[in-house]
Amino acid sequence: MSNEKIFTVKEINNYIKYLIQNDVLLSHIYVKGEISNFKLHTSGHAYFTLKDADSRLKCVMFKGNASKLKFMPEDGSAVVVRGYFSIYERDGQYQLYAEDMIPEGTGSLYKAYEQLKKKLSALGYFDEAIKKKLPYMPQAVGVVTSPTGAAVRDIISIIKRRCSNVDIYLYPVQVQGLGAENEIAEGIRYFNAKANVDVMIIGRGGGSIEELWAFNEEEVAKAIFESNIPVISAVGHETDFTIADFTADVRAATPSSAAELAVPDKQSLMSKVNQYKYVLNTSIINFINSYKVRIEKISRDNVFRQLERKILNMNQTLNSLNKYLDYNMMNIIKNNRNDLDKTVGKLGILNPESALGRGYGIIMRKTDGKLLTSVKDFQLHETLEIKLKDGKAEAEVIGIEDLSL
Amino acid sequence: MKGNFSFEQALKRLEEIVEILEAGNISLEESIKIYQEGINLSKLCSGMLEEAEGKVMAIMNNGEQIGEFSINQIREA
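For clarity, every value in this text was computed on a predicted model and none was experimentally measured.

## Notes on the pattern of salt bridges
Residue and element names in this part refer to chain A.
For step 1, the next point in the chain: As enumerated under the stated definition, the model contains 18 salt bridges over all chains in all.
For step 2, the next point in the chain: Arg82 is paired through a salt bridge with Glu99; the nearest N and O atoms lie 3.2 Å apart. Residue Arg82 is located in strand β4 (residues 78-88), and its partner Glu99 is located in strand β5 (residues 93-103); the two are separated by 17 residues in the primary sequence.
For step 3, the next point in the chain: By relative accessible area, which is 16% here, Arg82 ends up buried.
For step 4, the next point in the chain: Residue classification places Glu99 among the partly exposed positions, given a relative accessible area of 27%.
For step 5, the next point in the chain: Of the charged contacts, one joins Glu219 and Arg189 as a salt bridge, the two residues approaching to 3.4 Å between their closest N and O atoms.

Pasting the structure below:
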């Protein structure tokens, strides 16, 4: 014994922990059994034992996982636990560290769900990048759901209430039971082939995991994935996440909220538009008023008042210049008048008739009244007329002597 | 599929115009121009919202033929 290695308790517990943690099977495992000694500690961690007729297994579920459980486990529940094995070194106690737990009847479904989710995720079905944007105001909504039940009533009445002018096309399907997944997929493909709707809602009301199962089938996921029309998925309650929810462009917590996501609230849009109209009107009035104020301010400005004064001054100058001009014109006219009078006076002096008084006479031929100024005009024995200051006399030419010859 | 995009566009442009007008740093001429545009858009939007009542139809599969029936017809039947 002396030449073999001696371990401390801690060392060997560590080693066993190492072995367990590196075991492929034990690091990801499903175990079914019946719960006993279930205790939810104040820390939020859950401690319990899984047992069957012959054996027991200590289990712990930490707060983070325990808080996500969709049901409250109790002693006697038959469950399937997913988790990994490890060892609690202090007690040398190996345990199952539970990560998730579901009631046992649903165990196989749960596994199928996990597997399909992994597969479709790898195929890119859930990629955010390929999610389609929902239309802002659809003209028509397609609904793929059961024609009976609360879901379809809620969807139709909420769409009608929010946006009454939207057309609704219901493609009635069985949402559970044999072949339900094919009907749902057919509904999605029908709307794609017809292209008569802008968005579609697929879903159903709440139910057990088995009842919701059709929405976890690959057939439905494929139809959603291939749809050209945006799909809103609304399956069960807020806590239910189906494969259809992950694949859809938008996941709604419930059918009612799917209807709210699908169409806008007309009333609130209307009041939005009216509000914009109001802001438009007040803005333009404010705008124009601000210009008015500016114009008033500018017109009160000094520059303008100076300009006004300048114009007044110029007007005054113009007036006095006008008066001056008038005065000058009058003078010119007056002067000219004097000149004219003088000239007329001179003309009076030059008037030959005025000389008649001083002993001169005007001699004209009697026959034609021609004024005779030269002896050459005279002919012997013709009759002449002699005009003097106070009358006329007739005379006959009895001799002509031309001195110029 | 008709026209659902134009409502969104009209509303978006209307929002832009309201912002521009509220900011107010444009010419008077420009502001009157876009005010007109805004009023027209608001009329367009209101008009779209006041469209006629939509129909509610169910798709029925009678053997080989798929038809659309109004929900009221189905309830009466």
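Now, onward.
## Overview of the packing of helix α9 (residues 266-299) of chain A against helix α2 (residues 28-49) of chain B
For step 1, the next point in the chain: For the pair α9 of chain A and α2 of chain B, the least separation of the axes is 10 Å and the interaxial angle reads 165°. Taken together, the axes of α9 of chain A and α2 of chain B are roughly antiparallel relative to one another. Between α9 of chain A and α2 of chain B the crossing geometry is left-handed. Across the interface between the two elements, Lys266, Leu269, Met270, Val273, Lys277, Leu280, Asn281, Ile284, Phe287, Ile288 and Tyr291 of chain A from α9 of chain A touch Leu28, Ser31, Ile32, Tyr35, Gly38, Ile39, Ser42, Cys45, Ser46 and Leu49 of chain B from α2 of chain B.

## What to know about the interface of chain B and chain A
For step 1, the next point in the chain: Contact with chain B, which involves 40 residues of that partner, is made by 38 residues of chain A.
For step 2, the next point in the chain: Carbon and sulfur atoms make up 66% of the area that chain B and chain A hide from each other, which totals about 3600 Å².
For step 3, the next point in the chain: Seen at the junction of chain B and chain A, the total is two salt bridges.
For step 4, the next point in the chain: Seen at the junction of chain B and chain A, the total is 13 residue pairs in polar contact (both at pLDDT 80 or more).

## Remarks on the sheet that holds strand β1 (residues 29-40) of chain A
Backbone hydrogen bonds hold the strands of a sheet together, and the pairing may be parallel or antiparallel.
Residues and elements named next belong to chain A.
For step 1, the next point in the chain: As summarised here, the arrangement of the five strands in space is β1-β2-β3-β5-β4, forming a closed barrel in which the pairing is mixed. Looking at each pair of strands side by side, their axes are set apart by 55° on average, direction ignored.
For step 2, the next point in the chain: Direction of pairing for strand β2 (residues 46-51) relative to strand β3 (residues 56-61): antiparallel, over a ladder of six bridges. When the bridges of β3 are listed, Phe48 appears paired with Cys59.

## Considering the pairing of β5 of chain A
All names here are of chain A.
For step 1, the next point in the chain: Note: β3 against β5, two bridges, orientation parallel. Along β5, the bridge assignment pairs Val60 with Tyr97.
For step 2, the next point in the chain: The pairing of β4 with β5 spans ten bridges and is antiparallel. Along β5, the bridge assignment pairs Val79 with Pro103.
For step 3, the next point in the chain: In textbook terms, the turn of a hairpin is the stretch between consecutive antiparallel strands, and for β4 and β5 this stretch comprises four residues, one of which, Gly92, has a positive phi near 60°.

## Thoughts on the sheet that holds strand β11 (residues 362-365) of chain A
Residues and elements named next belong to chain A.
For step 1, the next point in the chain: An order of β11-β12-β13 is seen for the three strands of this open sheet, with the pairing classed as antiparallel. Each of the sheet's edge strands pairs with one partner strand only, and the pair in question is β11 and β13 (391-396). Averaged over all pairs of adjacent strands, the angle between strand axes in this sheet comes to 30°, irrespective of strand direction.
For step 2, the next point in the chain: Relative to β13, strand β12 (residues 383-388) runs antiparallel, the two being bridged by six bridges. The residue bridging Lys387 from the neighbouring strand is Lys392, located in β13.

Basis of the calculations
- Residues numbered from 1 in each chain as written.
- Chains lettered and ligands numbered in written order.
- Predicted model: local features only at pLDDT ≥ 70, side-chain atom pairs only at ≥ 80, totals over all residues.
- Heavy atoms only, no water.
- Salt bridge = Lys/Arg side-chain N within 4 Å of Asp/Glu carboxyl O.
- Helix = DSSP H or I, 4+ residues; strand = E, 2+ residues; numbered from the N terminus.
- Buried < 20%, exposed > 50% of the residue type's maximum accessible area, 1.4 Å probe, protein only.
- Axes fitted to C-alpha atoms, helices over the stretch in contact; angles between N-to-C directions.
- Parallel < 35°, antiparallel > 145°, perpendicular 65-115°, else oblique.
- Left-handed = near helix turned anticlockwise from the far one by under 90°.
- Contact = heavy atoms within 4.5 Å.
- Buried area = accessible area lost by both parts, 1.4 Å probe.
- Polar contact = N/O pair within 3.5 Å; in protein donor to acceptor, adjacent residues only side chain to side chain.
- Pairing = 2+ DSSP bridges.

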